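Take a look at the letters that make up each chain.
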Amino acid sequence: MSAQASLKGQSESLKKIPIVSHIITDDGASLSKGIALKPIDMNRVAKLLTDPHSDQLFERHIHALRRIADRYKNGFFLKDLVQVFKILNVCADRISSQDCYIEPMCSLLRICGLPFLKEKTSDETVFAQIVVESIAQMGYLMRVPNGTVRSALADAIISLYCNPPEVSEILQGLRPTSHKYNKHMIEMSDVAETLIKSLTLLGGNLKIKLKIMEVLQKLSSDSEENCKQMLKSDAAYHICCHMNASDQSGFLLFISVEILWNLLEFGGQEVSHQLANLECVNALKQAFKELMVSGCSNYEKQLRNDLLVITTLVAQNLDSPIVETGFAKQLILFATFSEVKSHNPLVKSLKLMQSHEDFELKKLLINMLELLSRDPAAIQLLSDGKVLLSLFHYVKANGTKKLPREWSPAQFEELQLYAMSALSRLAVLLVEDYVTCQGNTRLLLLLEWCVSETKFEGHGNSFHGSGGRGNKKAQMRFCLRLLNAIVSSGNEATAQDLCDQGVISQLLNILQNFFVESDDAMDVEMQCDMLYILSTLCESDIHRKELFGRQGVDVLVDYMKNNPDKISSGLGHHKLMLAAVDATWCCAVGCFMTEDFLLENEGVFLLIDLLQACPRNMHNLILGCLLELCENPKTIAHIHTWRGTNDVTAPHLLIHLWREEEKRIGSLRDENGAIADVASPISGEMQRVHAVAPQSSSAASLSIVDVSENLRAKVFALFTRLGFSDLPGLTTEDYVTLAIIEKYLDFKLGEVWSEISNELPVEGVRPTTPDQEAMDTITRAIVERGKGVSMLQAELLEAESQQDLHDEKQFYVEVKENHKQREKSIESWNDYVKRTSNYRHLVNCKKQQDKSIESSRAKPRYKDQAKKLAAMFHETLLKKLHTTTFQGRNITVESTPNALTGISERLPQENSALLA
C-alpha cells in the first residue's frame, strides 16, 4: 500500500511541472562551435552577370566574384552548385573578350577543387545528380582558350579526386563531403571522356598538355569506370599517337606509358584493339628504338621495357600491323644481336649488361619472338634473322663459372629455359633452320647431361624453373618438351635422324633407371613426354619397334603393374597410364617380336586388369589396344584364361561394359536387359529424339557418329575374335546381352537404312519403285531380325526361370528328406524311452524280435531236414534277458542325457552334503 501511495504522489508532482512552449537551439544557448558562414545570394550574382542592363559593369562583376571566392573559401554548398556553374559558364564565354575574368574564375575553380559542403547527411543523396552534372561542366570548361584557366581546372579536378577533406576551419552546421563520395561522383560524370576529347584543342601547348595528362593518369590509376569512359573516346589511340611529341624532359612519354598501363589493366582487349593500327604501332616502334639505342639510365631502361610489354600485348592481336611497319624485323634484330653478329648500325654499339632491366628485356624479346611466330608473314623474317641459331646458343650444359661479359649462372639458366620454351614453337615452323643448327644433336647432348651425375644446383627462380631448384629437372623437362614438339611435327627426316642417334635406347634407359617409382608431378610429366616421343617414333615403323624390343616391353609392363592404384592420386598418373597404354599400342603391337615379349610378360592380363580398374574415359584406348593385339592368334587364349576380381572372366567384363555404355546413351531395354523396341534395338536417346534434317554428302549421320562415340563397336569386334559361344563365366543376363552384341552389325546396318529412308522425303526425293521395295524389304528384315533376337532372349529367360524352378524343387526335396531323417530319429528315441519305462511294451518288442529272428532263418523243404537242423541249431540269445538288443558279456547302458534330467547339477550339492 505504501508503494502505491508513493507512485500516486510522484504522478501528482509531475502534473504540476509547467511545459515550455518554445525550443532553444544550440545557437540560442551559445553551444554551437565554429564559424557561422553567411551565404551569398547566388541568383543575384548570376542576374548581375546576365542582365542586359548590367552585363557591361565589369568592375561590379569582378567585385562580386571576388566576394564569392572570399566568402566560400572552404567550399561551395551542394545546393548552390547549379548557380555556381552557371556563373562559371558566363565567365568562360566572356574570357575571350575580357581578360579581367581570368583571375576570379581561377579562384572559383580552386574552390571547386575543395570538398562540397552539406547541411544534412541526406544532402549527398539528394544532390547527387546535380553534383555529377556540375563535375561534367568542369570538364566542358576546357573549351576556354586560356592556359591559366585550363591549368586551374586541372588542379581542381586533381584536388577533388585525390585529396581527402582537410578541416582548416570548423563551420557551424556544415560538414564537407567525404573523399569516397567525391571520387564516386567524378566516376559517375563524363569528365574523363571530356578531357580525352579536349587533347585535340591544346595544340602545341606542351605545359597544359602535360597537366591534362597528369589528370588522366590520376583518374585512370585506380578506377575502372574512368578507364572505360576514356576508352569511349579512343584514349589509347590518342595518347599513343602523341606520346612522341617533342619534350626535352621526357615526362610526356613517361606519363603516356603510365596511362596506357592503367588502361590495359582495367580496359582489357579494347586497348589492344585501339592500338592495333599503323599510327600507334609506328609510335611504339619509334619510342622503343630511341630508348633502346640511346637509353642509358635505369629510368630509361625501365620505360623501354614497359613499352615492350605494351607492344607484346598489342602483338597478341593478330590484326596488329607489327610486320607491315617493320617493327617485327627491328624486334628480331634486337633479340638476336648478342648471339648472332650483325652489321646493322642500330646494334653496332649496343650491349646488354647483367643489370635487372637488361635481363628483363632479353626475356621479353624471347617472348616476343614466340608471339611473332603466330603471324605467317613473320616466319620468313624469323628465318632471315637466324632466330633458331640465337636461341640454340642457350641449349647447352650449364657451367658453374661465369665468363666476362656474360650472364650470371642464375640468369643464364632462366634464359635457357625461356629459349627452350620458345624453341618448342619456333623449331616446328623453321624445320630447315633446326636441321642446319644440328638441333637433334644439341638436344640429345643436353638430355645426356641432364641424367648424368655431373653436379649442378639449379636456381629454380622463374616460372619455367618451377620444381628445378637444386637439380636439373627444369632443363630436362623443357628438353623433352622440345623433342616431343619436333617428333610430333611429322617431319620424317628429323625423326629418322633422332632414331639414328639412338634416342629410343636413351629414353628407355632413362625410364628404366629413374622414374618408375616417382610420385612427383614434374617427374610424371616428363615420363609422359618420353612415352609420347617413343609412341610417335615407333607407331608406323617396324624396325623402330624392333629397336624398342624387350627392354621397352619390360618398361611398359612395369608401368602397367605399378600405376593402376595411383590413377586417382591427383598427380597426373592417369595421364601417365594413358601414355603407357598408347606406347604399348604404338611400340609393341604390330611387331611379332615385341608382341611375343608382351605376351610372355602377361601384358594381356595387365591390360584387362587395367580395363577393370580404370575409369570410363580410359576404356576406349585400352579396348583399341586389345583389339589390335587380337590380330595375334596367341592373344585369344590369354583373354580366355584371364580371371579378375571375384573370378570375373573377360567376356563377362566386356558384356558389363556394353551394358554400362547402353545405359549411358539411353538404349531402350526392359527390366531383364532384353530389347524393348524391335524397330530401333540399339539406338540411343539422341538418335531417337533428333529431328530428321537434310545433310550434305560429306556429313556423318548420327548412326555413324555413334560408332566412334561409344565403346560398343570395339566390344563387338572383340567378340568376333573371341567367338559368341562356349564363353566361360557368363550368366543368363550376359547371354541376353550377348544376343544383341552378336547382331550389332545387322542392327547398325538397319539404322543406316532407316536414316536414309527418313531423309529422302525431307529432301523431296522419291525413290524408284524397285528401290522403294528394296528399302521396305530391308526394313522388314531388320524388324524380323530384332524380333528373332527378342524371342531368343525370351527363351533364355524362360529357360532360366525353369531351371530356377527345378532347383527350387530339388531344394525342397532335400529339405523334406532332412525332415524325414529327423522324424525317424525322434521316433526311434521315443520307442527306446517307451521300452525302458513300459514293461508290456518291452515284452511285445521282445516277441517281435524273436519273430523277426525266426523269420530270417532258412526254411527246409522237408521235415527230415527240419529235424536235423533243429538238432544242429544253437541259441544265439541268452535266456531270461529283458532286452531287445544283441548283447555280449559286456553291457553298455544308454541313459537319459544329463541335460534333460539335471543330475549333473545335483550331484555336487549332494556330495558336499555327505562330506559335511
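Heads up: the structure comes first, above all this text.
Model, not experiment: these values are computed from the prediction.

Engineer: How would you sum up the overall build of the protein? Please name residues and give values.
Structural biologist: When its secondary structure is counted, the protein shows 45 helices and two strands. Here the protein, with 916 residues, has 43% of them falling under the buried criterion.

Engineer: Break down the layout of surface pockets for me, with residues and values.
Structural biologist: For the second largest pocket, the calculated volume is near 510 Å³. Along its surface, the second largest pocket is lined by 27 residues, and Gln687, Glu751, Ser754, Glu755 and Asn758 are the ones closest to its centre. Breaking the lining of the second largest pocket down by element, the ones donating at least two residues are helix 36 (685-689), helix 40 (744-762) and helix 41 (769-837). Per-element accounting of the lining of the second largest pocket gives the leading share, nine residues, to helix 40.

Engineer: Can you break down a nonpolar patch on the surface residue by residue, with the values?
Structural biologist: A cluster of nonpolar side chains, namely Phe251, Phe254 and Tyr299, defines an oily patch on the protein surface of about 260 Å² accessible area. Mapped onto the fold, phenylalanine 254 is located in helix 14 (residues 251-267). By relative accessible area, which is 33% here, phenylalanine 254 ends up partly exposed.

Engineer: Which residues make up empty space enclosed by the protein, and what are the values?
Structural biologist: In this structure the tally under the stated criterion is two cavities of 30 Å³ or more. In terms of lining, the largest cavity is formed by Ile608, Leu611, Leu626, Ile639, Ala650, Leu653, Leu654, Leu718 and Leu722. Here the lining of the largest cavity gets three residues from one element, more than from any other, and that element is helix 35 (residues 650-665). Split into classes, the residues belonging to the lining of the largest cavity amount to nine nonpolar, no polar and no charged.

Engineer: Pulling in residues and values, what's your account of the pattern of salt bridges?
Structural biologist: Scanning the model with the defined rule gives 34 salt bridges in all. Measuring nitrogen to oxygen at the nearest pair gives 3.0 Å for the salt bridge that ties lysine 183 to aspartate 222. Remark: aspartate 222 occurs in the loop between helix 11 (206-220) and helix 12 (224-232) and lysine 183 occurs in helix 9 (residues 179-188); sequence separation between them is 39 residues. Where arginine 477 meets glutamate 525, a salt bridge forms, and the shortest distance between an N and an O atom there is 3.3 Å. With arginine 477 in helix 25 (residues 473-488) and glutamate 525 in helix 28 (residues 521-538), this residue pair connects regions lying 48 residues apart in the sequence. Salt bridges here are not isolated pairs; linked through shared partners, they connect Glu662, Arg669, Asp706, Arg712, Lys748 and Glu751.

Engineer: A description of a negative patch on the surface should follow, citing residues and the corresponding values.
Structural biologist: Together, Glu800, Asp804, Asp807 and Glu808 make up a negatively charged patch on the protein surface. You can see aspartate 807 is positioned in helix 41.

Engineer: Explain the packing of helix 32 (residues 603-613) against helix 35 residue by residue, including any values.
Structural biologist: Between helix 32 and helix 35, the shortest axis-to-axis distance is 11 Å and the interhelical angle comes to 35°. Crossing hand, helix 32 versus helix 35: left-handed. Along its contact with helix 32, which presents Ile608, Leu611 and Gln612, the element helix 35 presents Ala650, Leu653, Leu654 and Leu657. Each residue belonging to the contact of helix 32 with helix 35 can be placed in one class, and the counts come to six nonpolar, one polar and no charged.

Engineer: Run through the nonpolar core, naming residues and quoting values.
Structural biologist: For soluble globular proteins, nonpolar side chains are generally found buried alongside one another. Within the largest apolar cluster, 188 residues are counted, with the highest numbers of intra-cluster contacts made by Phe76, Ile87 and Met105. When near neighbours in sequence (up to four residues on either side) are disregarded, isoleucine 87 contacts Met42, Val45, Ala46, Leu49, Leu65, Ile68 and Leu108. Ranked by size, the runner-up nonpolar core spans 54 residues in total, among them Cys625, Leu626, Leu654 and Leu718.

Engineer: Explain the packing of aromatic side chains residue by residue, including any values.
Structural biologist: Evaluation of the coordinates by the stated rule reveals 16 aromatic pairs. Relative to phenylalanine 334, the ring of phenylalanine 288 has its centre 5.9 Å away and its plane inclined at 65°; by these criteria the two rings are edge-to-face. Separated by 46 residues along the polypeptide, phenylalanine 288 in helix 16 (residues 278-294) and phenylalanine 334 in helix 18 (residues 327-336) bring together distant segments of the chain. Taken together, the aromatic side chains of Trp658, Phe716, Phe719, Phe724 and Tyr744 make up a single cluster linked through ring pairs. Positioned over the ring face of tryptophan 449 is lysine 472, at 4.8 Å from the centre of the ring. In this structure, arginine 712 is placed above the aromatic ring of tryptophan 658, and the distance from its NZ or CZ to the ring centre is 5.8 Å.

Engineer: Can you break down the side chain of arginine 659 residue by residue, with the values?
Structural biologist: Its place among the elements puts arginine 659 in helix 35. At 3.0 Å, the side chain of arginine 659 and the side chain of aspartate 734 are in polar contact. Once residues lying within four places of it in the same chain are set aside, the contact partners of arginine 659 are His652, Glu733, Asp734 and Thr737.

Engineer: So what's going on with the environment of glycine 268? Residues and values would help.
Structural biologist: Take glycine 268: it is sitting in the loop between helix 14 and helix 15 (269-275). Sequence spacing of glycine 268 and lysine 228 is 40 residues, and the spatial spacing of their C-alpha atoms is 9.9 Å.

Engineer: Which residues make up the packing of helix 32 against helix 33 (residues 619-629), and what values do they have?
Structural biologist: One can describe the packing of helix 32 onto helix 33 by two numbers: an axis separation of 10 Å at closest approach and a directional angle of 155°. Looking at the two axes, helix 32 sits roughly antiparallel to helix 33. For the pair helix 32 and helix 33, the crossing hand works out as left-handed. On the side of helix 32, the interface is formed by Val604, Leu607, Ile608, Leu610 and Leu611, while helix 33 contributes His619, Ile622, Leu623, Cys625, Leu626 and Leu629. Each residue belonging to the contact of helix 32 with helix 33 can be placed in one class, and the counts come to 10 nonpolar, one polar and no charged.

Engineer: Please give an account of helix 42 (residues 839-856) that cites residues and values.
Structural biologist: Over its 18 residues, helix 42 extends 26 Å from the first C-alpha to the last, a length consistent with the 26 Å expected when each residue adds 1.5 Å. Among the residues of helix 42, His841, Leu842, Cys845, Lys846, Gln849 and Ile853 are the ones counted as buried. Projected down its long axis, helix 42 shows its buried positions confined to an angular sector of 145°, all on one face. Among the exposed residues of helix 42, those oriented more than 90 degrees off its buried face are Arg840, Lys847, Gln848, Lys851 and Ser855. Tucked inside the fold, the buried residues of helix 42 contact helix 41. With a side-chain oxygen lying 3.2 Å from the backbone nitrogen of arginine 840, the N-terminal cap of helix 42 falls on asparagine 838.

Engineer: Quick one: what's the story with helix 30 (residues 573-588), residue by residue and with numbers?
Structural biologist: Along its 16 residues, helix 30 runs 21 Å from first to last C-alpha, staying within 8% of the 22 Å computed at 1.5 Å per residue. Within helix 30, the full set of buried residues consists of His573, Leu576, Met577, Ala579, Ala580, Val581, Ala583, Thr584, Cys586, Cys587 and Ala588. Elements in contact with the buried residues of helix 30: helix 28, helix 29 (542-562), helix 31 (592-600), helix 32 and helix 33. Remark: glycine 590 follows helix 30 within two positions and exhibits a positive phi of approximately 110°.

The rules behind each value
Residues numbered from 1 in each chain as written. Predicted model: local features only at pLDDT ≥ 70, side-chain atom pairs only at ≥ 80, totals over all residues. Heavy atoms only, no water. Helix = DSSP H or I, 4+ residues; strand = E, 2+ residues; numbered from the N terminus. Buried < 20%, exposed > 50% of the residue type's maximum accessible area, 1.4 Å probe, protein only. 1 Å grid on protein atoms, 1.4 Å probe; cavity = no way out; pocket = protein on both sides within 12 Å on 5 of 7 lines; lining within 4 Å. Points joined across faces, edges and corners; volume = space filled by probe spheres on them. Patch = residues over 30% accessible without salt bridge, like charges linked within 9 Å, V, L, I, M, F, W, Y side chains within 5 Å. Areas by Shrake-Rupley, 256 points an atom, 1.4 Å probe, with all protein chains shown as cover. Salt bridge = Lys/Arg side-chain N within 4 Å of Asp/Glu carboxyl O. Nonpolar A, V, L, I, M, F, W, Y, C, P; charged D, E, K, R; others polar. Lys, Arg positive; Asp, Glu negative; His and termini not counted. Charge placed at Lys NZ, Arg CZ, Asp CG, Glu CD. Axes fitted to C-alpha atoms, helices over the stretch in contact; angles between N-to-C directions. Left-handed = near helix turned anticlockwise from the far one by under 90°. Contact = heavy atoms within 4.5 Å. Core = buried A, V, L, I, M, F, W, Y, C linked by side-chain atoms within 4.5 Å. Phe/Tyr/Trp six-rings, centres within 6.5 Å; stacked < 30°, edge-to-face > 60°. Lys NZ or Arg CZ within 6 Å of the ring centre and 35° of its normal. Polar contact = N/O pair within 3.5 Å; in protein donor to acceptor, adjacent residues only side chain to side chain. Parallel < 35°, antiparallel > 145°, perpendicular 65-115°, else oblique. Expected span 1.5 Å × (residues − 1). Arc of directions from axis to C-beta.

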